[in-house]
Amino acid sequence: LAMGGNYTQPKFILLGITDTPWAQAPLFVLFLLIYIVTLLGNIGLMVLVWVAPSLHTPMYFFLTHFSLADVCYSTVISPKMLTDLLFGDKTISWAGCMTQFHLFALFVTAECHLLAAMAYDRHVAICHPLSYVLVVSPRACWQMVAWCYLVASLSALLYTGCTFGGSFCRPNHVDHFFCDASPVLRLACSDTRGCEAAIFALAAANGLGTSVVILLSYGRILHAVLGTSSAPSRARAFRTCASHMASVAVFYGSLFFMYLQPASRHGSQDKVASVLYTVVSPMLNPFIYSLRNREVKAALGRCRRRVLNL
């Protein structure tokens, strides 16, 4: 890592969420509990879908990949954040910083596209039930998931190249709890306006493109359900769509706040927004998207009875 002049400085220092000593221990306990719940909820859902034949459907196929993305990008962020809070050693190597950002960008971008695929799946299931088996076939499901990971991989390469492609000559303090684009680019010696514009354009393409698919899909679902179903069915569909859209609003709202604003407007509030989509959202998603469903509750009951019989 060239840091100007003729010397190198191969490490960054993450300033973390707060530098207040008395807050370190409570935050460690809080985020450790959140991370444990995140792992238990998402991995538990993946195992349940794997062992329960009744959940071998396109919707839960997408949900398992969604849970996998939650586990992966939460794990990219949380363990380092927890060790920093516990031990106070907030250094990270240049390679470690770049790897952390690259994996984070990959899985967050994949999650955006998986959310769009899940919304499209529900749209076809409710609005076009007769053609659902043909449109959302196993082959089509694998193609959509492959597309999600392909776009995410290419996007992550571009994000990482734009963020770490220049030289760094300023103090190596990253004002964040993980290596994100904006705080890292503030340390660059060279002009970063082109990189910032490229990151903005790519984030807009991924974020706005997938959010439009999600909004249109849920809009069509609500229109179809409100027009044809009974009052109890309408209420149930509205509650389901409302909870899903609330989760999407928190996730996309915090992402848009972080990546679709000028670099000059970034500040300390960025850390709050980052906590929402890196820590809180992965914990809530299993409960919002699956554990309230009757199919999942029934599968849990059958698995519990099977274990008790053994």
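Residues numbered from 1 in each chain as written. Predicted model: local features only at pLDDT ≥ 70, side-chain atom pairs only at ≥ 80, totals over all residues. Heavy atoms only, no water.

For the protein, the count of helices and strands is 10 helices and 3 strands. The helix and strand sequence of the protein, counted from the amino end, reads β-α-α-β-α-α-α-β-α-α-α-α-α. A burial count over the protein gives 48% of its 310 residues as buried. Within the protein, contacts between residues at least 6 apart in sequence are counted, and of these 77% link residues at least 24 apart. Only carbon and sulfur atoms are counted for the fraction: they give 70% of the accessible area of the protein, which is about 15100 Å². (Helix = DSSP H or I, 4+ residues; strand = E, 2+ residues; numbered from the N terminus. Buried < 20%, exposed > 50% of the residue type's maximum accessible area, 1.4 Å probe, protein only. Contact = heavy atoms within 4.5 Å. Areas by Shrake-Rupley, 256 points an atom, 1.4 Å probe, with all protein chains shown as cover.)

Turning our attention to the nonpolar core. By size, the foremost hydrophobic cluster in this structure holds 87 residues, and its most contacted members are Phe31, Phe104, Phe251 and Tyr289. The leading source of residues in this core is helix H3 (residues 94-127), at 16 residues. (Core = buried A, V, L, I, M, F, W, Y, C linked by side-chain atoms within 4.5 Å.)

It is worth spelling out a positive patch on the surface at this point. Side chains of Arg302, Arg304, Arg305 and Arg306 sit close together on the surface and give a patch of like positive charge. You can call Arg304 exposed: its relative accessible area is 52%. (Patch = residues over 30% accessible without salt bridge, like charges linked within 9 Å, V, L, I, M, F, W, Y side chains within 5 Å. Salt bridge = Lys/Arg side-chain N within 4 Å of Asp/Glu carboxyl O. Lys, Arg positive; Asp, Glu negative; His and termini not counted. Charge placed at Lys NZ, Arg CZ, Asp CG, Glu CD.)

Structurally, Gly253 can be placed in helix H8 (residues 231-259). Sequence-wise, Gly253 and Leu130 are 123 residues apart; in three dimensions their C-alpha atoms are separated by 35 Å.

Within the structure shown, the criterion is met by 1 disulfide. Note that Cys97 is cross-linked by a disulfide to Cys179, the S-S spacing being 2.0 Å. Handedness of the Cys97-Cys179 disulfide follows from its S-S torsion of about -120°: it is left-handed. Here Cys97 is found in helix H3, whereas its partner Cys179 is found in the loop between strand S3 (173-174) and helix H6 (181-185), with 82 residues between them in sequence. Across this residue pair, the class does not change: Cys97 and Cys179 are buried. Sulfur of Cys162: no disulfide; nearest cysteine sulfur belongs to Cys195 and is 4.8 Å away. (Disulfide = S-S within 2.5 Å.)

You can see Tyr60 is positioned in helix H2 (residues 58-87). For Tyr60, a relative accessible area of 2% corresponds to the buried category. Distance in space between the C-alpha atoms of Tyr60 and Val49 is 6.8 Å, their sequence separation being 11 residues. Not counting the four nearest positions on each side in its chain, Tyr60 is found in contact with Val49, Leu55, Asn293, Glu295 and Val296.

Mapped onto this structure's residue numbering, the UniProt feature "transmembrane region" (unreviewed entry) falls at residues 27-52, 59-81, 101-120, 140-159, 197-216, 237-260 and 272-291. As annotated, residues 27-52 has a helix share of 96% and a strand share of 0%, and its two end C-alpha atoms lie 37 Å apart. Span residues 197-216 is 100% helix and 0% strand, its end C-alpha atoms 28 Å apart. (UniProt positions renumbered as here; feature names shortened; annotations may be inferred.)

This next bit is on the packing of aromatic side chains. Scanning all chains against the criterion turns up 13 aromatic pairs. Seen from their ring centres, Tyr73 and Phe104 are 6.4 Å apart, and the 75° between their planes marks the pair as edge-to-face. Taken as a pair, Tyr73 in helix H2 and Phe104 in helix H3 lie far apart in primary sequence, 31 residues in all. Between Phe101 and Phe164, the aromatic rings sit 6.0 Å apart at their centres with planes inclined by 50°, giving tilted as the arrangement. A residue pair is termed long-range when its members are at least 10 positions apart, and Phe101 in helix H3 and Phe164 in helix H5 (residues 138-164) qualify at 63 residues. Neither Phe101 nor Phe164 differs from the other in exposure class; each is buried. Here the aromatic residues Tyr73, Phe104, Phe177, Phe178, Tyr259 and Tyr277 are joined through ring pairs into a cluster of three or more. (Phe/Tyr/Trp six-rings, centres within 6.5 Å; stacked < 30°, edge-to-face > 60°.)

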